[in-house]
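Chain by chain, the residues run as shown.
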Amino acid sequence: MIVKSFGCSFIFGSELHDDGYGQPYATPSQFTWPALLAKNMHREYQCFARPGSGNTRIAEQILNQIETREPALYIIGWTWVERFDYIDRATKDGWNSIMAWSTGDAAKNYYQNIHSHYYDKLTSLMCINLVQTQLEKHGCKYYMTYMDDLL
């Protein structure tokens, strides 16, 4: 059984001494709790977390991995609800996120004209419910944590 992790920088291990972030091919830290759990279990570890990810992107990554049907333990760290994920064909993996500290016209427009805590909570909770339903439907083992008390 593979240990697969999903989330933002806290699961990726940003700012840990071995994170590799900022390099052409960023590598997740091997000192995060999911990585250490996999090591302790003598299991292969795959990290799908990416710094700055929002809950929609996290959910999409999990759903894609469920479809592989590989026996896995899913470790999921849900992030802050205020992150807005969108498809961006200019990025390597096709995703981008607007965060509270983001700058630029898109971020300014989003936070001034579109953003609401109600919508953010609702979409994050729908993502969590969808993922949990699919994990259970496929008999997958999982652990979920969260960063945001708004959830």
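Starting from 1, residues in each chain are numbered consecutively following that chain's sequence as written. Reporting in this predicted model follows two pLDDT cut-offs: at least 70 for local features of residues, and 80 or more for side-chain atom pairs to be given and counted; totals over whole chains, interfaces and linings ignore these cut-offs and use all residues. Just so you know, side-chain values use all the structure's heavy atoms and leave hydrogens and water out.

Below, the discussion takes up the overall build of the chain. Within the chain one finds five helices and six strands. Runs of E in the DSSP output that reach at least two residues are strands. Runs of H or I that reach at least four are helices, and both are numbered from the N terminus. Its helices and strands taken in sequence order, the chain reads β-α-α-β-α-β-β-β-α-α-β from the N to the C terminus. Radius of gyration means the value over C-alpha atoms here, while the globule rule gives 2.2 Å times the residue count to the 0.38 power. Against the compact-globule benchmark of 15 Å for 151 residues, the chain has a radius of gyration of 16 Å, which places it among compact chains. If you take every contact in the chain between residues at least 6 apart in sequence, the share linking residues at least 24 apart comes to 64%. Each accessible area value is a Shrake-Rupley result obtained with a 1.4 Å probe; residue values ignore everything except the protein chains displayed when judging cover. Element-wise, carbon and sulfur atoms account for 54% of the exposed surface of the chain, whose accessible area totals about 8900 Å². Between two residues, a contact is recorded if the distance between any of their heavy atoms is within 4.5 Å.

What follows deals with the pairing of strand S1 (residues 2-6). Regular strands have side chains that alternate between both faces of the sheet. Most of S1 is tucked away, with five of its five residues classed as buried. At least two bridges found by DSSP between two strands is the condition for calling them paired. The pairing of S1 with strand S3 (residues 72-78) spans five bridges and is classified as parallel. Bridge pairing in S3 links Ser5 to Ile75. Across three bridges, S1 lies against strand S2 (residues 45-47) in parallel orientation. Residue pairing for S2: Lys4 is matched across the bridge by Gln46. Only protein chains enter the accessibility calculation, which uses a 1.4 Å probe; a residue is then buried when its area is under 20% of its type maximum, exposed when over 50%, and partly exposed in between.

A separate point is the sheet that holds S3. Adjacent strands of a sheet form backbone hydrogen bonds with each other and so pair up, either parallel or antiparallel. The sheet built from four strands is open, its strands ordered S2-S1-S3-S6 with parallel pairing. Looking at strand neighbours, the two that pair on one side only are S2 and strand S6 (141-146), the edges of this open sheet. Across the sheet, the axes of successive neighbouring strands diverge by a mean angle of 15 degrees, strand direction being ignored. Against the sheet, helix H2 (residues 33-41) engages S1, S2, S3 and S6, with an angle of about 160 degrees to S3. In this analysis, axes come from line fits to C-alpha atoms, helices being fitted only over the stretch in contact, and the angle between any two N-to-C directions falls in the range 0 to 180 degrees.

Inspection of the secondary structure puts Met1 in the segment before S1. What makes Met1 partly exposed here is its relative accessible area of 40%. Linking Met1 and Ala72, residues 71 residues apart in sequence, is a C-alpha distance of 4.9 Å.

For Phe, Tyr and Trp, where Trp contributes only its six-membered ring, two rings pair if their centres lie within 6.5 Å, and the inter-plane angle classes them as stacked under 30 degrees, edge-to-face over 60, or tilted in between. This structure, assessed with the given rule, holds six aromatic pairs. Pairing Phe6 with Tyr74 gives two aromatic rings, centres 5.7 Å apart and planes at 10 degrees, and the pair type is stacked. Of the two residues, Phe6 is situated in strand S1 and Tyr74 in strand S3; the sequence distance between them amounts to 68 residues. Across the pair, exposure class does not vary: Phe6 and Tyr74 are buried alike.

What follows concerns the state of the cysteines. When two cysteine sulfur atoms are found within 2.5 Å, that pair is recorded as a disulfide. Counted according to the given criterion, the structure contains zero disulfides. Here Cys47 stays unpaired: no disulfide links it, and the sulfur of Cys8, its closest cysteine neighbor, is 10 Å away. The thiol sulfur of Cys140 is not disulfide-bonded, and the nearest other cysteine sulfur, from Cys127, lies at 17 Å.

Now for the side chain of Asn55. Mapping Asn55 onto the fold places it in helix H3 (residues 55-66). For Asn55, a relative accessible area of 2% corresponds to the buried category. Once residues within four sequence positions are removed from consideration, Asn55 is found in contact with Trp78, Thr79, Trp80, Val81, Asp85, Ser124, Cys127 and Leu151.

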